Each structure stands twice: as C-alpha cells, then as structure tokens.
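Take a look at the letters that make up each chain.
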Amino acid sequence: MISMMVFAWHAWQDMHQPIYLVLNNPHLDTQMFEKFLTKHHVGQKKVLNWIKDQPWTQSVNISKVDGSTFIIDVQERRPVAQWQHGGMVDDRGEIFFPLARHYDTKLPTMQVRAKNVKEGIQFVNVLSPMLKELKAYPFTVFKMEPVGDWVVRIASNRYLIFGTMDLTKRLQVAELVVKRLHGHHEAWGRIDFRYNNGFAISKNPLREPFHWPMIQLSYG
C-alpha cells in the first residue's frame, strides 16, 4: 500500500509540474531557467537557490499562488559602474559578472582593487548626478592610486583630486564647486580638494599635463 501511494504521488508530480512565474527580472536567462526546471522533482528551495545564484539577483522571494503555481519576485541589482575583467559594480558596492550581452559600456569605470570597491562606490553615488549634467559619461574614471589617493577623471582631460582623508566632506565640496563652475561656464582642468580649508584650481588642463602629486596634504 505504501509503495502504491509513493508511486501515485510521484506520478501526480510528473503530471502536475509546478509553474513558476518570474517578476522583475529582465536579465534572467529564461532558456537556462526552463532547462533547469525540466529536471524531475525540482523543489521550491532548489529554485530559490538557483535564482539567488544568478548574477543580477540582489534579493528574491517565492510565494505560492495555488497548488502548483508560484510567483518569484526578484529585486535586481542597480549597476552604477564598470569594473575590470567584465565585472560590474552595483550601487551597494558589490561586484558581479553579468552575461556579455547584458554588460553596460555606458557606465563610468572604476579602476580599483576589489577590496576598495565599497569605499569607492561613494564617489560614484555622490558625483554621478552632477557628472551626468556635465555629460561626462561614459568617459568618467574613478581611480584609486597606489599611494591611496582617490582621483576622478572626466571628459576633456579634467581631474578631481581627493586624496585619502575626509572623503565625505570633500565630495560635498566638490559637488558644489563643480556645479558652480559649470553654471558660470568657467574653464577648469584640475581641482585639488586635499587642502585643509580650501581647494586649488588649474584652468589649463591641455597645456599643463596632469602629474600625480608627490606631496600628500592632509586634513587637520
């Protein structure tokens, strides 16, 4: 009797495969997902783990609609920068590797080691709205130099230099200064924010090639 019940249960499962409806996941590889679902007895937990392992998934929730229908609600990552070797960085500073067809070359670039990405993401999140107004994308590069200085290079050979300390304060100052210069149509090439109580501006970026500073100033 038990054997017959088990046989009947598996037969019913084979005839009534679960239906999974995926929401909010335009980057899902549907062919791979369908291939995964064709395996026998793929349960809810396995489906959940498979979705979690996809490069664009930030969070996922599965809810049951009826006996054989499930809704998979996915919150995807919001990419904000390109990273080396085909990687991208989301707005939380996490690195992920999407399929080549989903790689966004219109985003700015982060030239930084993986362990410093979370520190550097604040530059992208704070400065991106302002830099978009300058139409600097996708040529902006957020870079951490070997000595630790943070430098942002934007279009037309212009540079924002932040150093290593008080980055939150310096980013706020940079946002105000660059907006003001842009609003008044002022020419500028380099803005150095590493001073204690101010900043320095060079107006001739093409005639004065940029050199990484040898002396590192710090906030008091």
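This text follows the structure it describes.
So, a few notes on the structure that sits alongside this text. All figures in this text were calculated on a predicted structure; none of them were measured in a lab. (Residues numbered from 1 in each chain as written. Predicted model: local features only at pLDDT ≥ 70, side-chain atom pairs only at ≥ 80, totals over all residues. Heavy atoms only, no water.)

1. A word on the side chain of Arg77
If you trace the backbone, Arg77 turns up in the loop between β3 (69-76) and β4 (79-83). Assessed through its relative accessible area of 16%, Arg77 is described here as buried. Separated by 2.9 Å, the side chains of Arg77 and Asp90 make a polar contact. Looking at Arg77, its side chain comes within polar contact range of the side chain of Glu94, at 2.9 Å. (Helix = DSSP H or I, 4+ residues; strand = E, 2+ residues; numbered from the N terminus. Buried < 20%, exposed > 50% of the residue type's maximum accessible area, 1.4 Å probe, protein only. Polar contact = N/O pair within 3.5 Å; in protein donor to acceptor, adjacent residues only side chain to side chain.)

2. Quick word on the packing of aromatic side chains
Tallied over the full model, the rule gives nine aromatic pairs. Between Phe123 and Phe162, the aromatic rings sit 5.2 Å apart at their centres with planes inclined by 70°, giving edge-to-face as the arrangement. Of this pair, Phe123 sits in helix α4 (residues 117-133) while Phe162 sits in strand β10 (residues 158-163), and the two are 39 residues apart along the sequence. With respect to burial, Phe123 and Phe162 carry one shared label: buried. Members of the aromatic cluster, each reached through a chain of ring pairs, are Phe123, Trp150, Phe162, Phe193 and Phe199. (Phe/Tyr/Trp six-rings, centres within 6.5 Å; stacked < 30°, edge-to-face > 60°.)

3. Comments concerning α4
The first and last C-alpha atoms of α4 sit 24 Å apart over 17 residues, in line with the 24 Å expected at 1.5 Å per residue. The sharpest bend along α4 measures roughly 50° and falls at Leu127, with the proline Pro129 sitting one to four residues further on. Of the residues making up α4, those classed as buried are Val117, Gly120, Ile121, Phe123, Val124, Leu127, Ser128, Met130 and Leu131. Lys135 sits one or two positions beyond α4 and adopts a positive phi of about 55°. (Expected span 1.5 Å × (residues − 1). Bend = angle between axes of the 7 residues up to and from the residue.)

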